[in-house]
Amino acid sequence: MRSKRLALDSILLALAAAFSFLESMIPTPVGIRLGLSSIVVMYALLCLSKAEASAIVLLKACFALITRGFYAGILSLSGSFLSLLGMLILYRMNSSLVLMSCIGGFLHNLGQILAASLFLGSGSVFSYLPILTAAGLTAGFVSASLLRMILPYLPYSNCSIRSSQFLKGPDK
């Protein structure tokens, strides 16, 4: 059973890295990406464990470091871990998948802006935050929607994300 889990983790890492790499090849405005690898991270967080999700985030940042350089690796790491932390908090609060994903997208961009401001020694990059906020929220909505659509075809059907309360969010 352990070898099956390691194989699944390896496939998820490869998928996250492939999504990240392919997104870097799509021409978009500076700093705006679809964030498809977040689907993999959310799946790992919700259906496997926070340790496995953290490992995917860390190793995906290493992949960015190797393929796109030091700054890309640091920006990936800072954005992804802040996003993962926010999603984990919201998951424990039984928030909806859409809210969790949207806040994750926003926090990813915020983490990258914070890291960029440290590298540049200037707060001028924060002027780009409104645009990245809109992009992060939109990408988060798309990621959550895609995860909902593909979830029935993924392993671990006892995943906590399958509960209708989590998919819809708590009743108000």
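Just so you know, these numbers come straight off a predicted model, no measurement behind them.

1. Considerations on the layout of surface pockets
Space inside the largest pocket adds up to approximately 820 Å³. Along its surface, the largest pocket is lined by 41 residues, and Gly31, Arg33, His108, Asn109 and Gln112 are the ones closest to its centre. Sorting the residues of the lining of the largest pocket by element identifies α1 (2-24), α2 (37-47), α3 (50-68), α4 (70-92), α5 (97-120) and α6 (129-150) as the ones contributing at least two each. The biggest single contributor to the lining of the largest pocket is α5, with 8 residues. The residue inventory of the lining of the largest pocket, partitioned by class, reads 18 nonpolar, 19 polar and 4 charged. A volume near 160 Å³ is recorded for the second largest pocket. Considering the residues around the second largest pocket, the lining is formed by Leu12, Leu15, Phe19, Ile39, Val40, Tyr43, Leu146, Leu147, Ile150, Leu154 and Pro155. Among the secondary structure elements, those contributing two or more residues to the lining of the second largest pocket are α1, α2 and α6. Looking at the lining of the second largest pocket, its residues break down into 11 nonpolar, no polar and no charged.

2. Details of α2
Counted residue by residue, α2 has 10 buried out of 11 residues, so it is predominantly covered. Within α2, the full set of buried residues consists of Ser37, Ile39, Val40, Val41, Met42, Tyr43, Ala44, Leu45, Leu46 and Cys47.

3. Topic: α4
Look at α4: 33 Å from first C-alpha to last across 23 residues, which is about the 33 Å you get at 1.5 Å a residue. Turning to α4, its buried residues number three or more, namely Ala72, Gly73, Ser76, Gly79, Ser80, Ser83, Leu84, Gly86, Met87, Leu88 and Leu90. Taken together, the buried residues of α4 touch α2, α3 and α5. At the C-terminal side of α4, Asn94 shows a positive phi close to 60°.

4. A word on the nonpolar core
Leu12, Val41, Ile56, Leu97 and Met100 are the most contacted members of the largest nonpolar core, which totals 27 residues. Only α1, α2, α3, α4, α5 and α6 provide two or more residues apiece to this core. The element best represented in this core is α2, accounting for 9 residues. Listed in part, the 7 residues of the second largest apolar core include Ile32, Val125, Leu129 and Leu132.

5. Notes on the pattern of salt bridges
As enumerated under the stated definition, the model contains 2 salt bridges in all. The shortest N-O distance in the salt bridge between Glu52 and Arg5 comes to 2.9 Å. Of the two residues, Glu52 sits in helix α3 while Arg5 sits in helix α1, which places them 47 residues apart along the sequence. Of the residues examined, Arg5 reaches a relative accessible area of 27% and is grouped as partly exposed. Glu23 is the partner of Arg33 in a salt bridge, and the nearest nitrogen-oxygen pair spans 3.5 Å. One end of the pair, Arg33, is in the loop between α1 and α2; the other, Glu23, is in helix α1, with 10 residues separating them in the sequence. Judged by its relative accessible area of 31%, Arg33 is partly exposed. Judged by its relative accessible area of 6%, Glu23 is buried.

Parameters and conventions
Residues numbered from 1 in each chain as written. Predicted model: local features only at pLDDT ≥ 70, side-chain atom pairs only at ≥ 80, totals over all residues. Heavy atoms only, no water. 1 Å grid on protein atoms, 1.4 Å probe; cavity = no way out; pocket = protein on both sides within 12 Å on 5 of 7 lines; lining within 4 Å. Points joined across faces, edges and corners; volume = space filled by probe spheres on them. Helix = DSSP H or I, 4+ residues; strand = E, 2+ residues; numbered from the N terminus. Nonpolar A, V, L, I, M, F, W, Y, C, P; charged D, E, K, R; others polar. Buried < 20%, exposed > 50% of the residue type's maximum accessible area, 1.4 Å probe, protein only. Expected span 1.5 Å × (residues − 1). Contact = heavy atoms within 4.5 Å. Core = buried A, V, L, I, M, F, W, Y, C linked by side-chain atoms within 4.5 Å. Salt bridge = Lys/Arg side-chain N within 4 Å of Asp/Glu carboxyl O.

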